[in-house]
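Below, each chain spelled out in residue letters.
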Amino acid sequence: MADIAAPAYRTIPIIPELKPGAMEGKGPFVAPDKINEALGFPGHLVDDWHDKAIAKMGDLLSRYRSLKVYMDACVHCGACSDKCHYFIGTQDPKNMPVARQDLMRSVYRRYFTLPGKLFPKLVGARDLTREVLDEWFNYYHQCSECRRCSVFCPYGIDTAEVTMAAREILDSVGYGQKYANEIIGKVHKIGNNLGLPGPALNDTLEGLEEDVKEATGVDVRFPIDVKGAEVLLITPSADFFAEPHIDSLIGYAKVFHATGTSWTLSSMSSEAGNFGMFIGNYEQLRAIAMRIRQAALELGVKRIVVGECGHAWRVAYSFWNTLTGVGDGADPNDRFAQMLQKQLDHRYKQPAHICEFTWDMIQDERLVFDKSHNDKYVITFHDSCNVARGSNMGGYPGGQFDIPRNIIRAVANNFVEMDSSTTYERTFCCGGGGGLLTDDLMDVRVKGALPRMEVLQQVKDGHGVNFMACICAICKAQFTKVLPIYGFDRKVIGGVHQLVSNAIQLGVK
Ligand code: SF4
Ligand code: SF4
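Residues numbered from 1 in each chain as written. Chains lettered and ligands numbered in written order. Predicted model: local features only at pLDDT ≥ 70, side-chain atom pairs only at ≥ 80, totals over all residues. Heavy atoms only, no water.

S.K.: Please explain the pattern of salt bridges as it appears in this structure.
M.R.: Pairing between side chains of opposite charge can happen when the charged atoms of each approach one another. By the definition in use, this model includes 29 salt bridges. Notably, a salt bridge pairs Glu-145 with Arg-167, separated by 3.3 Å at the nearest N-O pair. Remark: Arg-167 occurs in helix H9 (residues 159–172) and Glu-145 occurs in the loop between helix H7 (130–139) and helix H8 (148–152); sequence separation between them is 22 residues. Using a relative accessible area of 2% as the deciding quantity, one classes Glu-145 as buried. Take Arg-167: its relative accessible area is 3%, and that puts it in the buried class. Two residues, Lys-349 and Glu-356, come together in a salt bridge whose shortest N-O distance is 2.9 Å. Given a relative accessible area of 34%, Lys-349 falls into the partly exposed group. With relative accessibility at 5%, the residue Glu-356 sits in the buried group. (Salt bridge = Lys/Arg side-chain N within 4 Å of Asp/Glu carboxyl O. Helix = DSSP H or I, 4+ residues; strand = E, 2+ residues; numbered from the N terminus. Buried < 20%, exposed > 50% of the residue type's maximum accessible area, 1.4 Å probe, protein only.)

Here you go:
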């Protein structure tokens, strides 16, 4: 990492000067045979990869109508071209969203349209050569599937879906990404992304109970595998040991304690994250989500609450209902989904985000805070992309933006917004989302963080901001690494429930 430097801030954010090929060959490590095979993918690039890849593309085009629309609808207006943080940071024109789509669109034209079959050069159609496949691997792993570009596209073309399709095709021919596939394998084998086994998890939770008792004098519990608990908390495994994640876990536990809510974690399903979405693979997405359903059924819980994790909340909010039966729209022919529907308490939102839970409790006046405990901070809020553009909270438009901010204002006195062109639905990705949070992509990650770092610097200089709250485990991990490279203290990043934890008064109500 010694040779990775932060790009210079832009004084006026203009369209960057182009640096063709700047990020060629900067993709991630390729997954080795063992990791791929554990997920049922070919171990390495198969001999007939060309035909298999085209067949898979045809399969996806027939299954996902949206993908075909995205392949056909782009008019190359350029509205999206300067909206991607990876293009802004790397200046590589192939990181423009439209160019990223065109890597696949050109192949689509060649094999799936008549003009492309007859006059390929005239319509920008390309054969799927090994060189093109390598380009896919490289540049579809420099997209965090954040969907910012789609906000600006007049046709609503979603580059994230194109990226997911490309990654699915790559996996189907044995050309997967090491980091994402390895993580998925750990979830299947052990139950969480980190490969943290049950006994280690128990030890960690016991240690946390001791720490909180020492700090507050109160017996706040971190229960695990408690049958008959009301709430099952599904949270990212980083919450169990990483900094600053663990401070938010302490915050959730204090909220449950202060409101007298019985809750539990699950050792079998100790992960909210679902990298199946990142690789665009429905079977993996479903298999990971199924662990949560199994835990909920075995423990007999009435409510499922999701911790601070951006993409996990998107999967929970958008897909758990049809995948697992949590939420509306459970498959009437799926016996276990129907069992779960009967078991859950429908007076409550299913699933609920921890911020919705806490905000409800604040509104019901069941929590007491001393805001002065956060007076050392001038706080801003980073909207995480999967929450901002792929989900909702509170059941009303924009609730996913209001509720975390409402909580911050309830627990702290000093709150400042960042530049409005970089927040709410127009927020910039942290630079590490979508399966890119790996050291082999550090250069991409540092450069992709540039737009967020620029506006953080503005509020630091203008208002003395020294804490950027967020509700995403990946954002927390990514910023912890890149903040120092941009000259900030790594402790500038933290969770919303870290602030809740600081201010909450236990034993008052
Ligand atoms: S990283 Fe985000 S903005 Fe960039 S191409 Fe992918 S989805 Fe679009
Ligand atoms: S904004 Fe939409 S239509 Fe315009 S170039 Fe980008 S993807 Fe194509």
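S.K.: Would you explain the environment of Arg-366 in this entry?
M.R.: Summarising the element assignment, Arg-366 is placed in the loop between helix H16 (354–363) and strand E5 (379–381). What makes Arg-366 partly exposed here is its relative accessible area of 35%. It is 58 Å that separates the C-alpha atoms of Arg-366 and Val-132, two residues lying 234 residues apart in sequence. A distance of 2.7 Å separates the side chain of Arg-366 from the backbone oxygen of Thr-259, its partner in a polar contact. (Polar contact = N/O pair within 3.5 Å; in protein donor to acceptor, adjacent residues only side chain to side chain.)

S.K.: How do you make sense of unusual backbone geometry when you look at a structure like this?
M.R.: Glycine aside, a negative phi is what most residues show, and trans is what most peptide bonds show. Cis geometry is found at the peptide bond from Glu-243 to Pro-244, where omega equals 10°. By secondary structure assignment, the location of Pro-244 is in the loop between strand E1 (231–234) and helix H12 (245–258). Cis geometry marks the peptide bond from Gln-350 to Pro-351; its omega dihedral reads -10°. If you trace the backbone, Pro-351 turns up in the loop between helix H15 (335–343) and strand E4 (352–353). Despite not being glycine, Glu-365 has its phi angle at roughly 55°, a positive value. With respect to the helices and strands, the residue Glu-365 is situated in the loop between H16 and E5. One non-glycine residue, Tyr-424, adopts positive backbone phi at about 50°. Structurally, the position occupied by Tyr-424 is in the loop between helix H18 (399–411) and helix H19 (442–448).

S.K.: Help me understand the site of ligand 1 in this model?
M.R.: Taken together, Cys-84, His-85, Tyr-86, Pro-97, Arg-100, Cys-143, Ser-144, Glu-145, Cys-146, Arg-147, Cys-149 and Thr-159 make up the full set of residues adjacent to ligand 1. Where the shell around ligand 1 is concerned, the elements lending two or more residues are helix H4 (85–90) and helix H5 (97–112). Classifying every residue of the shell around ligand 1 by side-chain character gives six nonpolar, three polar and three charged. (Near = heavy atom within 4 Å. Nonpolar A, V, L, I, M, F, W, Y, C, P; charged D, E, K, R; others polar.)

S.K.: Is there a simple way to think about the sheet that holds E5 in this case?
M.R.: What holds strands together in a sheet is hydrogen bonding between their backbones, with the strands either parallel or antiparallel. Strand order across the open sheet formed by three strands is E5-E6-E7, with parallel pairing between neighbours. The open sheet is flanked by E5 and strand E7 (493–495), the only strands paired with a single partner. Each neighbouring strand pair of the sheet contributes to a mean axis angle of 40°, computed without reference to strand direction. Taken together, the three bridges between strand E6 (residues 467–470) and E7 define a ladder with parallel strand orientation. Residue pairing in the sheet places Met-468 in a bridge with Ile-493 of E7. In this fold helix H21 (residues 473–482) packs onto E6 and E7, with an angle of close to 160° to the strand it touches most, E7. (Pairing = 2+ DSSP bridges. Axes fitted to C-alpha atoms, helices over the stretch in contact; angles between N-to-C directions. Contact = heavy atoms within 4.5 Å.)

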